[in-house]
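Report on the structure
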Amino acid sequence: MNENKTNINYYPGHMYKTRKDIKNIISNIDIVIEVIDSRIPFSSRIPDLKNIINGKKSIIVFNKYDLCDESITNKWIEKYKSEGSIVITSDAKNSNDYKKVIEEVKSLMIEINEKRHLKGLLPKKAKCLIIGVPNVGKSTLINKLIGKSILGVGNKPGVTKKLNIVKINEYMDLVDTPGILWPKFENNEVALNLASMTIIKEEVLTVEQIAIHILKKLSDYYPSILKSEFGIEKYSDEEIEECFTTISKSKNIPIKGEVDYERVSTLILNYIKQEKIKKITFDRI
Ligand code: G4P
């Protein structure tokens, strides 16, 4: 198996373009809504967001909150709040949490319009832009806010198109296409966390590297899930073969001479992708 592929400087050309496009349109935006994955509240953030949004007001949406370990994720929420951020938790797929976004925009606009009033300016509606790294639920949230399905959920190219504005209510307009930004891999841990949540794909890291990372995290933080889902008590690098053999046998993946590491690894990734494993948060403060 290939354990040493570490070309994590992958950064597709169109992501540079999107970053530039967002910088160009930001002057027309009042509020930026940054969507992140609640299971990785550090790794799924855009590191240089401040540079991109250039002083605009922003809201952080902790999306996929239904899939996270709330006790850990709440610590991140407290941290970001203590740093002055506005934070909302959201399950964009299965709930009406999008209404919290509308409420927060409304109260921010009251603040903005009070300042405008003091300057003798007329009140304005908030023009909002949703941004975030891939697969955090931006399209799902946009579709909920707009009230119909205008964006395909799932695979799509990472390019912001023209500024098409949709009315949400009397306070809020929304750019109907998300700004899709690429994370910066501050270190291997961040890249592996992103890959575990299918935010970056297997072309950046091998499927085996990602699966091992998931097993390590489960072993360190969620041993009961490791036991119940994969039948192992503890993962250690010294016992890779034994662990993969146990999983292979328990999941009826045939062993022809040697364990099929790729197949077992794909199965482990799919447990997260298909939400068979929930209540996990991989980033720790
Ligand atoms: P993106 O625009 O940021 O790339 O993300 P998108 O909305 O396409 O959502 C990516 C996947 O995450 C979708 O699943 C979507 O249904 C799911 N999702 C979005 N928000 C939430 C949430 O708050 N909780 C949970 N549990 N899932 C969420 P998919 O498998 O790609 O599509 P589908 O199964 O919905 O058809």
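Residues numbered from 1 in each chain as written. Predicted model: local features only at pLDDT ≥ 70, side-chain atom pairs only at ≥ 80, totals over all residues. Heavy atoms only, no water.

Before going further, it helps to examine the overall build of the protein chain. Per the secondary structure count, the protein chain includes ten helices and seven strands. Looking at the protein chain as shown, the accessible area adds up to about 13900 Å², and 48% of this sits on carbon and sulfur atoms. (Helix = DSSP H or I, 4+ residues; strand = E, 2+ residues; numbered from the N terminus. Areas by Shrake-Rupley, 256 points an atom, 1.4 Å probe, with all protein chains shown as cover.)

For helix H7 (residues 207–221), spanning 15 residues, the distance from its first C-alpha to its last is 21 Å, which sits close to the expected 21 Å at 1.5 Å a residue. Of all 15 residues making up H7, twelve are buried, and the element is well covered by its neighbours. All of the buried residues in H7 are Val207, Glu208, Gln209, Ile210, Ala211, Ile212, His213, Ile214, Leu215, Lys217, Leu218 and Ser219. (Expected span 1.5 Å × (residues − 1). Buried < 20%, exposed > 50% of the residue type's maximum accessible area, 1.4 Å probe, protein only.)

Neighbouring the ligand are 19 residues, the closest being Asp66, Ala92, Lys138, Ser139 and Thr140. Within the backbone of alanine 92, a nitrogen or oxygen atom sits 2.8 Å from an oxygen atom of the ligand. Between the ligand and valine 136 there is a distance of 3.1 Å, counted from an oxygen atom to a backbone nitrogen or oxygen. For the ligand, whose free accessible area comes to 700 Å², the fraction covered by protein is 76%. The element that contributes the greatest number of residues to the shell around the ligand is helix H5 (residues 138–146), accounting for three residues. For the shell around the ligand, the class distribution of residues is five nonpolar, seven polar and seven charged. (Near = heavy atom within 4 Å. Polar contact = N/O pair within 3.5 Å; in protein donor to acceptor, adjacent residues only side chain to side chain. Nonpolar A, V, L, I, M, F, W, Y, C, P; charged D, E, K, R; others polar.)

Under the defined criterion, the tally for this structure stands at six aromatic pairs. Consider the rings of tryptophan 76 and tyrosine 80, whose centres lie 5.9 Å apart with planes at 50 degrees: the pair is tilted. Of the two residues, tryptophan 76 and tyrosine 80 both sit in helix H3 (residues 70–82), four residues apart, roughly one turn of that helix. By the burial criterion, tryptophan 76 is buried, and tyrosine 80 matches it. Between tyrosine 221 and tyrosine 222, the ring centres sit 6.2 Å apart and the planes meet at 80 degrees, which makes this aromatic pair edge-to-face. For tyrosine 222, a relative accessible area of 8% translates into the label buried. (Phe/Tyr/Trp six-rings, centres within 6.5 Å; stacked < 30°, edge-to-face > 60°.)

On to the packing of H7 against helix H8 (residues 223–230). Running from N to C, H7 and H8 point in directions that differ by 125 degrees, and their axes come no closer than 5 Å. Between H7 and H8, the crossing angle belongs to the class labelled oblique. On the side of H7, the interface is formed by Leu215, Leu218, Ser219 and Tyr221, while H8 contributes Pro223, Ile225, Leu226 and Phe230. Along the lines of polarity and charge, the residues of the contact of H7 with H8 split into seven nonpolar, one polar and no charged. (Axes fitted to C-alpha atoms, helices over the stretch in contact; angles between N-to-C directions. Parallel < 35°, antiparallel > 145°, perpendicular 65-115°, else oblique. Contact = heavy atoms within 4.5 Å.)

With seven of seven residues buried, strand S1 (residues 31–37) lies mostly within the body of the structure. Here S1 shows no split at all, with Ile31, Ile33, Val35 and Asp37 on one side and Val32, Glu34 and Ile36 on the other all buried. Bridge count between S1 and strand S2 (residues 57–63): seven bridges; the pairing is parallel. Paired with isoleucine 31 across the bridge in S2 is lysine 57. Strand direction decides the pairing type here: S1 and strand S4 (residues 126–132), joined by four bridges, are parallel. Along S4, the bridge assignment pairs isoleucine 33 with isoleucine 130. (Pairing = 2+ DSSP bridges.)

Turning our eyes to something else, we now look at the pattern of salt bridges. Tallying each qualifying case throughout the model produces eleven salt bridges. Lysine 227 serves as the salt-bridge partner of glutamate 233, at 3.3 Å between the closest nitrogen and oxygen. On the basis of relative accessible area, lysine 227 is assigned to the partly exposed category, the value being 39%. (Salt bridge = Lys/Arg side-chain N within 4 Å of Asp/Glu carboxyl O.)

Before going further, it helps to spend a moment on helix H9 (residues 240–250). Inspection of H9 places Ile240, Cys243, Phe244, Thr245, Ile247 and Ser248 among the buried residues, and these make up the whole buried set. Each element contacted by the buried residues of H9 is listed here: H7, H8 and helix H10 (261–273). Backbone geometry just downstream of H9 places asparagine 252 in the positive-phi region, at approximately 60 degrees.

Positive phi is not limited to glycine here, since asparagine 135 has a value of about 70 degrees. Tracing the backbone through its elements, the reader meets asparagine 135 in the loop between S4 and H5. Phi at asparagine 252 takes a positive value of approximately 60 degrees, unusual for a residue other than glycine. Structurally, asparagine 252 is set in the loop between H9 and H10.

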